[in-house]
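# Fold and contact review
If you want the building blocks of each chain, they are given just below.
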Amino acid sequence: MKKFGLNCCVCDFNFEEMYGERGKDFIEVHHVKPLSALKEAAEINPDTDLVPLCANCHRMVHRRKDDVLGIDELKGLINNVSVKK
């Protein structure tokens, strides 16, 4: 995660900031193009094909198998919820 760091690219959550030493150097990695969508083996480019997500955002991206959200779509959902509050 040299390019993106260890903060969630949707909500900016950082495990070390929340959990201290236990959360240090931890983040989930999301494949921008779902692996299930690949028809054959493909080379993964970490700079373009992977992004860091916290567990919560990662789960919401994959909440519906038939409707995997893009990063910008999930950011939009978060922004809409924040505006309504």
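These numbers come from a predicted model, not from an experiment.

This part takes up unusual backbone geometry. Peptide bonds are, in most cases, trans, and in most cases residues other than glycine have a negative phi. In this structure, Asp12 is a non-glycine residue whose phi angle is positive, near 70 degrees. Tracing the backbone shows Asp12 in the segment before helix H1 (15–19). Although it is not a glycine, Asp25 sits at a positive phi angle of roughly 60 degrees. You can see Asp25 is positioned in the loop between H1 and strand E1 (28–31).

On to a nonpolar patch on the surface, then. A contiguous nonpolar patch, built from Met1, Phe4 and Val29 and spanning about 210 Å² of accessible area, is present on the exposed surface. Take Phe4: it is sitting in the segment before H1. Since its relative accessible area comes to 33%, Phe4 is described here as partly exposed.

It is worth spelling out the packing of aromatic side chains at this point. The geometry of an aromatic ring pair is captured by the separation of the ring centres together with the interplanar angle, meaning the angle of the planes. Scanning all chains against the criterion turns up four aromatic pairs. An angle of 85 degrees between the planes, with centres 4.9 Å apart, marks the rings of Phe13 and Phe15 as edge-to-face. For Phe13, a relative accessible area of 24% gives the class partly exposed. Here Phe15 falls in the buried class, since its relative accessible area comes to 11%. Judged by centre distance (6.2 Å) and plane angle (25 degrees), the ring pair of Phe15 and Tyr19 falls under stacked. Of this pair, Phe15 and Tyr19 both sit in helix H1, separated by four residues, roughly a single helical turn.

Definitions and cut-offs
Within every chain, residues take consecutive numbers counted from 1 along the sequence as written. Given that the model is predicted, a residue must reach a pLDDT of at least 70 before its local features are reported, and side-chain atom pairs must reach 80 or more before they are shown or counted; all residues, however, enter totals for whole chains, interfaces and linings. With hydrogens and water set aside, each side-chain value is computed from the structure's full complement of heavy atoms. Numbering goes from the N terminus for both helices and strands, where a helix is a DSSP run of H or I of at least four residues and a strand is a run of E of at least two. Think of a patch as exposed residues, more than 30% relative accessible area, with no salt bridge, where like charges cluster within 9 Å and nonpolar side chains (Val, Leu, Ile, Met, Phe, Trp, Tyr) cluster within 5 Å. The accessible surface values rely on the Shrake-Rupley method and a 1.4 Å probe; as for residues, cover is taken only from the protein chains in view. By salt bridge we mean one thing: a side-chain nitrogen of Lys or Arg within 4 Å of a carboxyl oxygen of Asp or Glu. Each residue's exposure class comes from its accessible area (1.4 Å probe, protein chains only) as a fraction of the maximum for that residue type: buried when under 20%, exposed when over 50%, partly exposed otherwise. Pairing of aromatic side chains here covers Phe, Tyr and the six-membered ring of Trp, requires ring centres within 6.5 Å, and sorts the geometry by plane angle: under 30 degrees stacked, over 60 edge-to-face, intermediate tilted.

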